[in-house]
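Each chain is listed here by its residues.
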Amino acid sequence: DGKKYVWAPNYGTRQDDGSYDAPVVISRFPLSPGQTVLNNETTENYFFDLKPCWPAFDFKNDMVAVCNYKKFVIYRLSELQALPETTITLPYTITYGGSSPVDTKRAEYSGSPTIKARDCSKVKPLYTVTFDYSKRGLHWQSYCIDNGWIYAILQAKPKEEKVEPAEDNPDLLFETYVEAYKMDGSKNLYKMRQEYIRNMDAILKYDWNEKSYYYCEPEGIKVYDGIMLTMYTLRGQESNHLIRRPVVFRLASPVK
């Protein structure tokens, strides 16, 4: 139809700090530059009965994955899009609006919304892959899917809410790892340490961080056509954590 859309997790609930987390629906929104789009202004909704429900897409191969931190579940996207829309009352309590600093213009709502959605909870997935990253001392950040593989970007797990120093570099607050899992379960690649983020001299040279507080938190990953993009939040002032510098690295994919 010539319009642009964005897919995103939806119907998360407000947290104590005013942010939103624990989404339970995957939605397609119209992309309207300069306009605010509310969580109920969607063109499509997909319910998987997973909480949380984080999506990843491989449109080229007609696949969508959802992850609840414990497993990846992969489906044929066109099969889900062919499902009929039904009326679903979400089996979770959702709170939004009110005191949220990003949603103050709406009155507070708390309850179980009723929405029009495609019910994917009974669809047999193509693959289900167990995700046990925490057993290897890692902390969840993000993931993507591409050409039969699942890629997760992870960081060294903080201990007792304190940042864990890197293994052999005391100035690096924590390590970043990428893991790759073949969807059919035939191969896993664990804890591929991302050495480029340890190159402090290069990163400091571009003024992306400060040596006194060398903070490099992995935030996103996207793999396609043999390319791997990784995004980090870099911030260099220990006294002011609101200073953030999003930086994207372009690398060769670890899997061919």
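Procedures and definitions
Residues numbered from 1 in each chain as written. Predicted model: local features only at pLDDT ≥ 70, side-chain atom pairs only at ≥ 80, totals over all residues. Heavy atoms only, no water. Phe/Tyr/Trp six-rings, centres within 6.5 Å; stacked < 30°, edge-to-face > 60°. Helix = DSSP H or I, 4+ residues; strand = E, 2+ residues; numbered from the N terminus. Buried < 20%, exposed > 50% of the residue type's maximum accessible area, 1.4 Å probe, protein only. Pairing = 2+ DSSP bridges. Axes fitted to C-alpha atoms, helices over the stretch in contact; angles between N-to-C directions. Core = buried A, V, L, I, M, F, W, Y, C linked by side-chain atoms within 4.5 Å. Contact = heavy atoms within 4.5 Å. Polar contact = N/O pair within 3.5 Å; in protein donor to acceptor, adjacent residues only side chain to side chain. Salt bridge = Lys/Arg side-chain N within 4 Å of Asp/Glu carboxyl O.

## A closer look at the packing of aromatic side chains
Per the stated rule, a full pass over the model turns up 21 aromatic pairs. Both rings, one in Phe-48 and one in Tyr-75, keep their centres 5.3 Å apart while their planes meet at 45 degrees; by these two values the pair is tilted. Here Phe-48, found in the loop between strand 5 (44–47) and strand 6 (54–58), pairs with Tyr-75, found in strand 8 (residues 71–76); they are 27 residues apart in sequence, far enough to count as distant. We note that Phe-48, like Tyr-75, is buried.

## Observations concerning the pairing of strand 5
Of the two faces of strand 5, the one lined by Glu-44 and Tyr-46 and the one lined by Asn-45 and Phe-47 are each fully buried. Pairing geometry for strand 4 (residues 25–30) and strand 5, over four bridges, is antiparallel. Bridge pairing in strand 5 links Ile-26 to Tyr-46. Judged from the two bridges that link them, strand 5 and strand 12 (residues 114–119) form a sheet pairing that is parallel. What sits directly across from Phe-47, in strand 12, is Asp-119.

## Thoughts on the sheet that holds strand 19 (residues 227–235)
Spatial ordering of the open sheet is given by 18-19-20, a layout of three strands whose pairing is antiparallel. Bordering the open sheet on either side are strand 18 (215–224) and strand 20 (245–252), each of which pairs with just one other strand. Along the sheet, successive strands turn relative to each other by an average axial angle of 20 degrees, direction set aside. Pairing geometry for strand 18 and strand 19, over nine bridges, is antiparallel.

## As for the nonpolar core
Ranked by internal contacts, the top residues of the largest apolar core, which has 21 residues, are Tyr-151, Ile-197, Ile-221, Tyr-232 and Phe-249. Among the elements of the structure, strand 15 (149–156), strand 16 (176–182), helix 2 (200–205), strand 18, strand 19 and strand 20 are those that each provide at least two residues to this core. The residues touching Ile-197, leaving out its near neighbours within four places in the chain, are Leu-172, Thr-176, Ile-203, Tyr-214, Cys-216, Tyr-232 and Phe-249. In this structure, Cys-67, Ile-145, Ala-152 and Tyr-177 belong to the second largest nonpolar core, which totals 19 residues.

## A few points about the side chain of Gln-141
Looking at the element boundaries, Gln-141 is found in strand 14 (residues 138–146). A distance of 3.0 Å separates a polar atom in the side chain of Gln-141 from a polar atom in the side chain of His-139. A polar contact is formed between the side chain of Gln-141 and the backbone oxygen of Pro-218, at a distance of 2.4 Å.

## Looking at the pattern of salt bridges
Under the counting rule described, the total for this entry stands at nine salt bridges. Close ionic contact of Asp-225 with Lys-60 constitutes a salt bridge, the shortest N to O distance being 3.6 Å. Of this pair, Asp-225 sits in the loop between strand 18 and strand 19 while Lys-60 sits in the loop between strand 6 and strand 7 (63–67), placing them 165 residues apart in sequence. Considered together, Asp-225 and Lys-60 belong to a single accessibility category, that of exposed residues. Between Arg-193 and Glu-175 there is a salt bridge, with its nearest N and O atoms 3.5 Å apart. Placement of the pair is Arg-193 in strand 17 (residues 188–193) and Glu-175 in the loop between strand 15 and strand 16, with a sequence separation of 18 residues. Judged by relative accessible area, which is 25%, Arg-193 ranks as partly exposed. Under the relative-accessibility criterion, Glu-175 is labelled buried at 2%. A single network of salt bridges, built from pairs that share partners, joins Glu-175, Arg-193, Glu-195 and Arg-198.

## Quick word on the sheet that holds strand 8
Taken together, four strands build an open sheet; the order of strands is 6-7-8-13 and the sheet is antiparallel. Each edge of the open sheet carries a strand with a single partner, namely strand 6 and strand 13 (127–130). Put simply, the sheet's adjacent strands are angled 20 degrees from each other on average, direction ignored. Sheet topology places strand 7 next to strand 8; five bridges connect them, and they run antiparallel. Counterpart to Met-63 in the pairing with strand 8 is Arg-76.

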